[in-house]
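# Close look at the chain arrangement
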Amino acid sequence: MELRIPKAVFDRLPRYYRYLGDLMDLGINRTSSYDLAERMSYSATLIRHDMSTLGDFGRLGYGYDVPYLHTKISEILGINRCHNIIVIGSGNLGHAIVNHSNFAQYGFVMKGMFDVDPRLIGMVIRGIEIQPLDRLETFIQEQDIQIAAVTIPKNKADNLVDRLVRAGIKGIWNFSHLEVNVPENVVVEDVHLSESLMKLLYQMNHR
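A brief look at the structure comes next. (Residues numbered from 1 in each chain as written. Predicted model: local features only at pLDDT ≥ 70, side-chain atom pairs only at ≥ 80, totals over all residues. Heavy atoms only, no water.)

## Thoughts on the packing of helix H1 (residues 7–25) against helix H4 (residues 66–77)
The angle between the axes and the distance between the axes are what describe a pair of packed helices. Two elements in contact, H1 and H4, have axes separated by 9 Å at closest approach and are oriented at 145 degrees. Once H1 is placed against H4, the crossing between them reads as left-handed. Only Val66, Pro67, Leu69, His70, Ile73, Ser74, Ile76 and Leu77 of H4 make contact with H1, whose side of the interface consists of Phe10, Leu13, Pro14, Tyr16, Tyr17, Leu20, Gly21, Leu23 and Met24. Per-class residue counts for the contact of H1 with H4 are 14 nonpolar, three polar and no charged. (Axes fitted to C-alpha atoms, helices over the stretch in contact; angles between N-to-C directions. Helix = DSSP H or I, 4+ residues; strand = E, 2+ residues; numbered from the N terminus. Left-handed = near helix turned anticlockwise from the far one by under 90°. Contact = heavy atoms within 4.5 Å. Nonpolar A, V, L, I, M, F, W, Y, C, P; charged D, E, K, R; others polar.)

Dropping the structure here:
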């Protein structure tokens, strides 16, 4: 039976995964809701509630087995498997994504990079050659690409999303400010850096 996880709990899972990984790096194999609460600035009650929605992971008087819980959360998030990803747009943001060295440890395999600027075609970024967009569909199908990170400006991305969906992409990581309409079997994660900065500023001004 598929595990149904409330969105609020799901949004906290990557942070749990990261902190549990930090504990493993320190050689700590057992923890408690109180220890996690102190490290993560959550309440122990919230942590116990979150863990109970995922399954029976804690034991009374023992707490949580760190490697086991870390593995289970990776299975829930799907990062225990490899996912092939491409980046469309080779500007500063596209470069930063391709150069990010930690993606591989989460199962994201960087396979390709594409751009619309003919002056950039053929350049190699961290072992990945920038290709023209007219090779997009063929590459997606040949390399079994599941995720596309879109970083090109929206005025240069005409019909791009439709092409990605038709080619078989199942997830779009959207940095482009495109208003994306996709079928139900395709997931879009919009990332608006300027909006995030505005939220930060608002919170600073209302402390």
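## Some details on the pattern of salt bridges
Scanning all chains against the criterion turns up seven salt bridges. Residues Lys72 and Glu75 are paired through a salt bridge, measuring 3.5 Å at the closest nitrogen-oxygen approach. With Lys72 and Glu75 both in helix H4, this residue pair falls three residues apart, about one helical turn. Given a relative accessible area of 36%, Glu75 falls into the partly exposed group. Salt-bridge contacts for Glu137 lead to Arg163; the nearest nitrogen and oxygen are separated by 2.7 Å. Within this pair, whereas Glu137 is found in helix H6 (residues 136–142), its partner Arg163 is found in helix H7 (residues 160–167), the two being separated by 26 residues in sequence. (Salt bridge = Lys/Arg side-chain N within 4 Å of Asp/Glu carboxyl O. Buried < 20%, exposed > 50% of the residue type's maximum accessible area, 1.4 Å probe, protein only.)

## Focus: a negative patch on the surface
Taken together, the side chains of Glu179, Glu189, Asp190 and Glu195 present a region of like negative charge at the surface. Summarising the element assignment, Glu179 is placed in the loop between strand S9 (171–174) and strand S10 (187–190). (Patch = residues over 30% accessible without salt bridge, like charges linked within 9 Å, V, L, I, M, F, W, Y side chains within 5 Å. Areas by Shrake-Rupley, 256 points an atom, 1.4 Å probe, with all protein chains shown as cover. Lys, Arg positive; Asp, Glu negative; His and termini not counted. Charge placed at Lys NZ, Arg CZ, Asp CG, Glu CD.)

## Here's the deal with the sheet that holds S9
The strands making up a sheet associate through backbone hydrogen bonding, with each pair oriented either parallel or antiparallel. What the seven strands build is an open sheet, ordered S6-S7-S5-S4-S8-S9-S10; its pairing is mixed. Of all strands in the sheet, those bounded by a partner on one side alone are strand S6 (124–125) and S10. Across six bridges, the pairing between strand S4 (residues 83–88) and strand S5 (residues 108–115) is parallel. The residue bridging Ile88 from the neighbouring strand is Phe114, located in S5. Set on the sheet, helix H5 (residues 92–99) makes contact with S4, S5, S6, strand S7 (128–132), strand S8 (147–150) and S9; between it and S5 the angle comes to about 155 degrees. The sheet contacts of H7 involve S4, S8 and S9, and relative to S8 the element is tilted by about 170 degrees. (Pairing = 2+ DSSP bridges.)

## A few points about unusual backbone geometry
The phi dihedral of Arg126 falls on the positive side, at around 50 degrees, and the residue is not glycine. Its relative accessible area of 51% is what places Arg126 among the exposed residues. Positive phi is not limited to glycine here, since Asp144 has a value of about 55 degrees. Mapped onto the secondary structure, Asp144 falls in the loop between H6 and S8.

## Re the packing of helix H2 (residues 33–40) against helix H3 (residues 44–54)
Remark: H2 packs on H3, axes separated minimally by 8 Å, with the N-to-C direction vectors making an angle of 115 degrees. Judged on the interaxial angle alone, H3 and H2 are roughly perpendicular. Judged by the sense of rotation from one axis to the other, the crossing of H2 with H3 is right-handed. Counting all contacts with H2, which are made through Ser33, Tyr34, Leu36 and Ala37, the residues of H3 involved are Ala44, Ile47 and Arg48. Classifying every residue of the contact of H2 with H3 gives five nonpolar, one polar and one charged. (Parallel < 35°, antiparallel > 145°, perpendicular 65-115°, else oblique.)

## Describing the side chain of Ser90
Within the secondary structure layout, Ser90 lies in the loop between S4 and H5. Of note is the side chain of Ser90, whose polar atom sits 2.7 Å from the side chain of Asp115. Setting aside anything within four residues of it in sequence, one finds Ser90 in contact with His95, Met113, Phe114, Asp115, Leu120 and Ile130. (Polar contact = N/O pair within 3.5 Å; in protein donor to acceptor, adjacent residues only side chain to side chain.)

## Re the pairing of S4
Burial within S4 is extensive, with six of its six residues counted as buried. Taking every second residue as pointing to the same face, both faces of S4 are buried, with His83, Ile85 and Val87 on one and Asn84, Ile86 and Ile88 on the other. Examined bridge by bridge, S4 and S8 share four bridges and lie parallel to one another. Directly across from Ile86, in S8, lies its bridge partner Ala148.

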